[in-house]
Amino acid sequence: MTTWIKPTFPGDYHDMTDLWPLKRALLSVSDKTGVVEFGKALAARGVELISTGGTAGTLRDAGLTVVDVADLTGYPAMMDDRVKTLHPAVHGGLLALREDAGHLKSMEDHNIGAIDLLVVNLYPFEETVAAGADYDKAIANIDIGGPAMIRAAAKNHAYVNVVTDVQDYDAVLAEMDGNDGQTSYAFRQSLALTAYSRTAAYDAAVSSWMADALHETPRRRAFAGTFAQALRYGENSHQQAAFYTDGSGRQGVATAQQHQGKELSYNNINDTDAAFELVAEFDPANGPACAIIKHANPCGVATGATLTDAYKSAFDCDRTSAFGGIVALNQPLDEATAQEIVQIFTEVVIAPGASDAAKAVFAAKKNLRLLTTDGLPDPRAAITAVRQVAGGFLVQDKDTGHVDLSDLKVVTKRAPTDQEMADLLFAWKVAKHVKSNAIVYAKGGATVGVGAGQMSRLDSALIAAKKAERMAEAMGLPEPLTKGSAVASDAFFPFADGLMEAAAAGASCVIQPGGSMRDDEVIAAADEAGLAMVLTGMRHFRH
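Residues numbered from 1 in each chain as written. Predicted model: local features only at pLDDT ≥ 70, side-chain atom pairs only at ≥ 80, totals over all residues. Heavy atoms only, no water.

Student: Can you help me understand the overall build of the chain in this one?
Tutor: Each helix and strand counted, the chain has 19 helices and 23 strands in total. Projected onto its principal axes, the C-alpha coordinates of the chain cover approximately 95 × 50 × 40 Å. For the chain, the residues scored as buried account for 47% of the 543 residues in total. By sequence separation, contacts in the chain at least 24 residues apart represent 59% of the contacts at least 6 residues apart. As displayed, the chain offers around 26100 Å² of accessible surface, 51% of which is attributable to carbon and sulfur atoms. Between the mean site of the 47 positive side-chain charges and the mean site of the 67 negative ones, the chain shows a separation of 3 Å. (Helix = DSSP H or I, 4+ residues; strand = E, 2+ residues; numbered from the N terminus. Buried < 20%, exposed > 50% of the residue type's maximum accessible area, 1.4 Å probe, protein only. Contact = heavy atoms within 4.5 Å. Areas by Shrake-Rupley, 256 points an atom, 1.4 Å probe, with all protein chains shown as cover. Lys, Arg positive; Asp, Glu negative; His and termini not counted. Charge placed at Lys NZ, Arg CZ, Asp CG, Glu CD.)

Structure representation (structure tokens):
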């Protein structure tokens, strides 16, 4: 016998057996994948089939004998199918305690037959919303009878099996075959857990959608995901971890196809997401772009005439950190770029497609993971971001803020040149994706120094400049590429010291939000150093 947790019921009962026979099943599914084969397998094992509407028709068309739910309830489906299973003949059959004399008498008095297996998958609410349905269509796709039956069957898992996922059909059959047509309590418990998880996720999807539709902050907030894979461990080897998808269909690591390499790790997934979200800031219609990420921070980002050029320029920002990094491209990977990437060890490459020739180049690097998507994520799409804290979680809109040339305010005596302005806007896009405090130096459409995650803005400016100096030495350049660069700060300069460090590194222009009590002092310092400065009026803290 399998070890199981004995349920406690009111009244006097004899000891329950672990196994319970499966003789009667109710099937009512929206997704009919595999339902005919499952129905045939159940019937072959002597199980009586009950069904509703389209599912019943599908089973009958396959030659199966099916009892219609309307014949049990004495009522046809009504009100556009909103009411068909909400009846004691159904819920009594699911909820009755098989060893309770009172329940058995009620079943006999009201001609209610026991239902031992419920097979239900719900109206496709999540898919309907993801497809852009309007309010009324979304409401029409909220399932009522399905969740009610699932909860009833799951509550009574002492006797009843409940299946909400197509992938569990074979498991039910195997369980029956291994137990002479019966199922174990432990098996029914596992099915009940899956069922409650499904209804919880469904309700979370509905409530989150309605909160967004009404632009309200709900009193209670729920989030849900669908298990995608178990991970070897989390950020560290002593932490357990798993990956869940949210069903949104947003292009990225959750929807990508993996062509080669071992399974992604927790850190791979986190860093790949950061890389792809960053490179999506650069519209492929405006040319190729590449982002190289390490520990969720960019160590190099660049645009170029070709993908190869963009990769090389991104790599040249910090060749040391790029080793073992994540590479994200905004255009399909080509053979020439693949040849460049394989020159060093890279963990993951993600792109909106890849040529066969590029795949062939990567095939020789068995540890390199190649992911392709059907497109780029929309950097301006509204998304809810969640972060756990002790005793709760923080919820906010994803940072989709952006500025255009017309949004910038020149505050110094000297205005930026056209090339400087282009580099300022480039650096600003990158700074949005760098952990605060963030300082980014950029020149010619490429980062040349990145300072991330420091406790002071001055330290970030110093680190970024120092990294640029080291790269200049490694590349045999006469001077660091920060000479004549644009510098972006994700938040205002509280003092002029960070700005002066950027000037000492050779920056010629600055982009920052402004808003400090010492803005006048900072602007005066910029004028004295001959810098051009523009303000965005928007900050990009990222913690």
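Let's pick the thread back up.
Student: What's the story with the sheet that holds strand E6 (residues 161–163) in this structure? I'm lost.
Tutor: Hydrogen bonds between backbone groups are what pair the strands of a sheet, and the pairing can be parallel or antiparallel. Taken in spatial order, the five strands of this open sheet run E4-E3-E2-E5-E6, and their pairing is parallel. Here the strands that pair on one side only, and so sit at the sheet edges, are strand E4 (67–68) and E6. Those strands touched by helix H8 (residues 145–155) are strand E2 (24–29), strand E5 (117–121) and E6, and its axis lies near 145 degrees from that of E5. (Pairing = 2+ DSSP bridges. Axes fitted to C-alpha atoms, helices over the stretch in contact; angles between N-to-C directions.)

Student: Looking at this structure, how should I read the packing of helix H1 (residues 35–44) against helix H2 (residues 53–61)?
Tutor: For any two helices packed against each other, the geometry is given by the interaxial angle and the distance between the axes. Packing of H1 against H2 leaves a shortest axis separation of 10 Å and a crossing angle of 65 degrees. Judged on the interaxial angle alone, H2 and H1 are roughly perpendicular. Between H1 and H2 lies a crossing of right-handed hand. Between H1 and H2, the contacting residues are Val35, Val36 and Gly39 on the first element and Thr55, Thr58 and Leu59 on the second. In terms of residue class, the contact of H1 with H2 is made up of three nonpolar, three polar and no charged. (Parallel < 35°, antiparallel > 145°, perpendicular 65-115°, else oblique. Left-handed = near helix turned anticlockwise from the far one by under 90°. Nonpolar A, V, L, I, M, F, W, Y, C, P; charged D, E, K, R; others polar.)

Student: How should the environment of Phe393 be read in this particular structure?
Tutor: Within the fold, Phe393 resides in strand E17 (residues 392–397). Taking relative accessible area as the criterion, Phe393 reaches 43% and is therefore assigned partly exposed. Residues Phe393 and Ala360, 33 residues apart in the sequence, show an inter-C-alpha distance of 44 Å. Excluding anything up to four places from it in sequence, Phe393 contacts Arg221, Phe223, Val386, Arg387 and Gln388.

Student: Would you mind going over the pattern of salt bridges with me for this structure?
Tutor: One side chain can pair with another of opposite charge once the charged atoms of both are near each other. Within this structure, the stated rule accounts for 16 salt bridges. The salt bridge involving Glu277 is made with Lys398; its shortest N-O contact spans 3.5 Å. You can see Glu277 sitting in helix H11 (residues 266–279) and its partner Lys398 sitting in the loop between E17 and strand E18 (409–410), a full 121 residues away along the chain. Judged by its relative accessible area of 25%, Lys398 falls in the partly exposed class. Residues joined by salt bridges that share partners form a network here, namely Arg250, Glu277 and Lys398. (Salt bridge = Lys/Arg side-chain N within 4 Å of Asp/Glu carboxyl O.)

Student: What is the right way to read the nonpolar core from this model?
Tutor: It is characteristic of soluble globular proteins that their nonpolar side chains tend to be buried jointly. Counting 44 residues, the largest nonpolar core has Phe282, Val301, Leu371, Leu424, Val430 and Ile511 as its most contacted members. Per-element tally for this core: the top contributor is helix H16 (residues 418–431), with seven residues. Excluding anything up to four places from it in sequence, Val430 contacts Phe282, Pro298, Val301, Val440 and Thr447. Among the nonpolar cores identified, the runner-up in size contains 28 residues, and Ile115, Val120, Ile150 and Ala153 belong to it. (Core = buried A, V, L, I, M, F, W, Y, C linked by side-chain atoms within 4.5 Å.)

Student: It is not clear to me how helix H15 (residues 356–363) should be interpreted in this structure. Could you clarify?
Tutor: The α-helix advances 3.6 residues per turn, and as a result positions three or four apart in sequence lie on the same side. Ala358, Val361 and Phe362 are the residues of H15 that are buried. Viewed along the axis of H15, the buried residues span an arc of 95 degrees, placing them on a single side of the element. Exposed residues pointing more than 90 degrees away from the buried face of H15 are listed as Asp356 and Ala360. Elements in contact with the buried residues of H15: strand E10 (257–260), helix H14 (335–341), strand E14 (348–351) and strand E15 (369–372). (Arc of directions from axis to C-beta.)

Student: Help me understand the packing of H8 against helix H10 (residues 185–214), please; the structure alone is not making it clear to me.
Tutor: Contact geometry of H8 with H10 gives a least axis separation of 9 Å together with a crossing angle of 150 degrees. Classified by the angle their axes make, H8 and H10 are roughly antiparallel. The handedness of the crossing between H8 and H10 comes out as left-handed. Each of Pro147, Ile150, Arg151, Ala154 and Lys155 in H8 lies in contact with H10, whose residues at this interface are Ala192, Ala195, Tyr196, Thr199 and Tyr202. The class makeup of the residues in the contact of H8 with H10 is seven nonpolar, one polar and two charged.

Student: I tried to follow H10 on my own but got confused; where do I start?
Tutor: With 30 residues, H10 ought to run about 44 Å at 1.5 Å a step, and its terminal C-alpha atoms sit 43 Å apart, in line with that. The positive-phi residue at the C-terminal boundary of H10 is His215, with phi of around 55 degrees. (Expected span 1.5 Å × (residues − 1).)

Student: Can you walk me through the side chain of Thr164 in this structure?
Tutor: Within the secondary structure, Thr164 sits in the loop between E6 and helix H9 (169–178). If sequence neighbours within four positions are ignored, Thr164 has contacts with Val120, Asn121, Ile150, Thr194, Ala195 and Arg198.

Student: Would you mind going over the packing of aromatic side chains with me for this structure?
Tutor: Think of a pair of aromatic rings as described by two things: how far the centres are apart, and how the planes are tilted against each other in angle. A complete count under the given rule lists ten aromatic pairs for this structure. Look at Phe125 and Tyr202: their rings are 6.2 Å apart centre to centre, the planes differ by 65 degrees, and that puts the pair in the edge-to-face class. Taken together, the positions of Phe125 in helix H6 (residues 125–130) and Tyr202 in helix H10 put the pair 77 residues apart, joining distant regions of the chain. Tyr202 carries the same exposure label as Phe125, and that label is buried. (Phe/Tyr/Trp six-rings, centres within 6.5 Å; stacked < 30°, edge-to-face > 60°.)

Student: When you look at the pairing of E15 in this model, what are you seeing that I'm missing?
Tutor: Note on strand geometry: in a regular strand, side chains alternate between the two faces of the sheet. Burial of E15 is two-sided: the residues Arg369 and Leu371 facing one way and the residues Leu370 and Thr372 facing the other way are all buried. The pairing of E10 with E15 spans three bridges and is antiparallel. Bridge pairing in E15 links Gln258 to Leu371. Where the polypeptide runs from E14 across H15 and back to E15, its parallel neighbour, the crossover connection is right-handed. (Right-handed = clockwise from strand over helix to strand, strands pointing away.)

Student: Got a minute to help me understand the state of the cysteines in this structure?
Tutor: Among covalent bonds in proteins, the disulfide is the one between the sulfur atoms of two cysteines. Scanning all chains against the criterion turns up zero disulfides. No disulfide involves Cys299; its sulfur sits 7.4 Å from that of Cys317, the nearest cysteine. Residue Cys299 is classed as buried on the basis of its relative accessible area, which comes to 7%. This cysteine, Cys509, is not joined by any disulfide, and Cys317 carries the nearest cysteine sulfur, 16 Å off. Judged by its relative accessible area of 1%, Cys509 is buried. (Disulfide = S-S within 2.5 Å.)

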